[in-house]
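# Architecture and fold: a report
If you want the building blocks of each chain, they are given just below.
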Amino acid sequence: MAPRLIITGSTGYIGARLAAMARERGFEVIELGRRSGTKWRIGDEPAASDLEGAVGIVHLAHSWATEPEAAEEDNINISGTVTLAEAARAAGVPRFVFSSSTSSRREALNVYGRTKFRIEQHLAASLAAPIVRVARIGLVYGGPRTAMYGLMVKLAALSPILPMIGLSRKVQPIHLDEVAEGLLALATEESQPPQTFVLAQEKPISFASWLRMLRRSQGKGNLHFIPVPLAAALLACHMTKLVPLIPTVDPERVLGLAGAAPMESGESLRLLKLNLAAPMVTLAGEFGQTGEDQSLSEAQALLQYLGIAPTEMQLQRLCEGLRREGLSPLGLSPTVIRHPRLLALFEPPASRTQHRLARALYLADLASEPERHADQRAGFFGAVLTIASDVLLFPLRALLAGTYR
C-alpha cells in the first residue's frame, strides 16, 4: 500500500507541484481544501478518519476571507492551523509541516507576515508542537507563471524603466521544484527534527538584481528603475485596480517586500540535502533561451561593432574566451544586438581597457586596434566630428556604461 500524504492548499502554486511530485514518488495524495468534492475548509474540525494512517501533513492553505484590518488575533488561519495540527497528532500523524514565509516576524509590515509569525507561536505552544516542522519559504520562482512569480515576470517584461520601491532589499529566490522537494522531505523523512527550516538561497541578492534577471531571461534588455517612496507605491497599487491592461498589484505584496529581511538557510539546506541551482541558469532554460545562445548573439554584435563580419570560428573563440574568464553574457538588449553601432553609447572614452567590451574583444585577440572604419581615413572634419560626439555623449556614456561593466 502506498504511503498516504495529506496536502492542504493543493490547488495553489506550490501545492499543485508538491502533489504532482508526491504522486511521482509513489505516495497516495489526499487533498484537503477547495478542490471539488472535498469537505474540509480551513477552520473546520477534520474527521479523524481523514487523517489516520498518513505519514505526514503539509499545510499550505491560507484563507484570505478575513479582512486585513481585523486579521490579527481573530484570523481564522491561526485557529484553523492549530485545530488541524492538534487533530493530526490525535490521529497519530507523525509529522505536520506548516508553510510559513521569510516575512514571518512579529513586526512585519504586512498582515500576512505577522499572521504567519503568530501561527508559528501558537503551534509551538500547542499540543501538536512535537510533530510540527515550520518551513519559512523564500521568493519562489519557476513553473507556471502565476501568483507572485507571474506578477514579477509581467512587471519585468513590461518596460525597460520601472518605478519601484525596495530596490536594495535583499531577496532569496528558490525554485518551485526545490520547494516541493524540501516540503516532501520534511513531511516524510523521520530524520528531520521538529524545528524551523528556511527554504531559500543562502546568498541574498537585491530585488533590483532579481528583476533584471527575470527580464534578461525573457530575452529583453537591461532594466532601469525610478525609486519611489512606499506611500506612492501603495497608492499606485490601488490605481492598478482601476487601469486596464496592466497587472494588478496587491498592497500586501508591496508591504511584504518592503519588510523583507535575509535569513540564514545554510543549515536547513544541509539537513534537507538540497543543492539549489543558480536562478539565472534555471530561468534561461525555462524561458527557452540558453546562455550559449545569448553569448553567440552578443559576440556577433561586438564583432560587427568593430566592422568585422564574424566567422563561425571567431564567434566560437570569443565565447570560449569569455567562459574561461567566468564572464556571463552582458544582457544586451535585442535592439543593441540588431544595431551594433549603438554600442558606442556604452563605450567610455577614458577607461577602454577596463571596459567589458574591450575585455571581451581582447579575449578574442581582436581588440588591439578597433577597425570600425578600416577602409576609411579620417580627415580633419571627421576628427572634429569624433571629438565633438565624444564630448557631447560623455554624460550619457558615463551613466550607461556602469551597467555593462
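Bear in mind that the values here come from a model prediction, so they are computed numbers and not experimental data.

To continue, consider the overall build of the chain. If you tally the helices and strands in the chain, you get 16 helices and twelve strands. Out of the 405 residues in the chain, the part that is buried amounts to 48%. Taking the intrachain contacts of the chain between residues at least 6 apart in sequence as the baseline, contacts between residues at least 24 apart amount to 78%. Here the chain has roughly 20300 Å² of accessible surface; of this, 57% comes from carbon and sulfur atoms.

The next thing to look at is the environment of Pro310. Mapping Pro310 onto the fold places it in the loop between helix 12 (291–305) and helix 13 (312–324). C-alpha separation for the pair Pro310 and Ala299, spaced eleven residues apart in sequence, amounts to 8.8 Å.

This brings us to the sheet that holds strand 1 (residues 4–8). In spatial order, the strands read 2-1-3-4-5-10; together these six strands make up an open sheet with parallel pairing. Each of the sheet's edge strands pairs with one partner strand only, and the pair in question is strand 2 (28–32) and strand 10 (196–199). Across the sheet, the mean angle separating the axes of adjacent strands is 20° when strand polarity is ignored. Two strands pair when backbone bridges link them, and strand 4 (residues 96–101) and strand 5 (residues 132–137) are joined in this way by six bridges, in the parallel orientation. Paired with Phe96 across the strands is Val132, a residue of strand 5.

This part is about the confidence of the model for the chain. Reading predicted coordinates in detail is not appropriate for stretches of low pLDDT. Averaged over every residue, the pLDDT of the chain is 79; the share at 70 or more is 76%. Here residues 350–354 is a poorly scored stretch, pLDDT under 50, and it has nine contacts once near neighbours within four places are set aside; other chains count. Across residues 366–376, confidence stays below pLDDT 50; counting only partners more than four residues off in sequence or on other chains, it has 18 contacts.

This brings us to the packing of aromatic side chains. The tally for this structure, following the rule as stated, stands at two aromatic pairs. Seen from their ring centres, Tyr13 and Tyr149 are 6.5 Å apart, and the 15° between their planes marks the pair as stacked. Taken together, the residues span a long stretch of sequence, with Tyr13 in helix 1 (residues 13–24) and Tyr149 in helix 5 (residues 147–158) at a distance of 136 residues. Residues Tyr13 and Tyr149 agree in their burial class; the two are buried.

Turn by turn, an α-helix covers 3.6 residues, leaving residues three or four places apart pointing in a common direction. Between its terminal C-alpha atoms helix 4 (residues 111–124) stretches 20 Å, which fits the 20 Å expected from 14 residues at 1.5 Å a residue. Along helix 4, the residues that are buried comprise Val111, Gly113, Arg114, Thr115, Lys116, Phe117, Ile119, Glu120 and Leu123.

This part takes up the pattern of salt bridges. A side chain with one charge can pair with a side chain of the opposite charge if their charged atoms come near. Inspection of every chain in the model, using the stated rule, returns eight salt bridges. In this structure, Asp177 and Arg17 form a salt bridge, with 2.6 Å as the shortest nitrogen-oxygen distance. Linking Asp177 in helix 6 (residues 176–188) with Arg17 in helix 1, this pair joins segments that are 160 residues apart in sequence. Using a relative accessible area of 21% as the deciding quantity, one classes Arg17 as partly exposed. The partner of Arg136 in a salt bridge is Glu120, with the nearest N and O atoms 2.7 Å apart. Highlighted residues: Arg136 in strand 5 and Glu120 in helix 4, separated in sequence by 16 residues. This pair shows no difference in class: Arg136 is buried, exactly as Glu120 is.

The rules we used
- Residues numbered from 1 in each chain as written.
- Predicted model: local features only at pLDDT ≥ 70, side-chain atom pairs only at ≥ 80, totals over all residues.
- Heavy atoms only, no water.
- Helix = DSSP H or I, 4+ residues; strand = E, 2+ residues; numbered from the N terminus.
- Buried < 20%, exposed > 50% of the residue type's maximum accessible area, 1.4 Å probe, protein only.
- Contact = heavy atoms within 4.5 Å.
- Areas by Shrake-Rupley, 256 points an atom, 1.4 Å probe, with all protein chains shown as cover.
- Pairing = 2+ DSSP bridges.
- Axes fitted to C-alpha atoms, helices over the stretch in contact; angles between N-to-C directions.
- pLDDT = per-residue confidence, 0-100.
- Phe/Tyr/Trp six-rings, centres within 6.5 Å; stacked < 30°, edge-to-face > 60°.
- Expected span 1.5 Å × (residues − 1).
- Salt bridge = Lys/Arg side-chain N within 4 Å of Asp/Glu carboxyl O.

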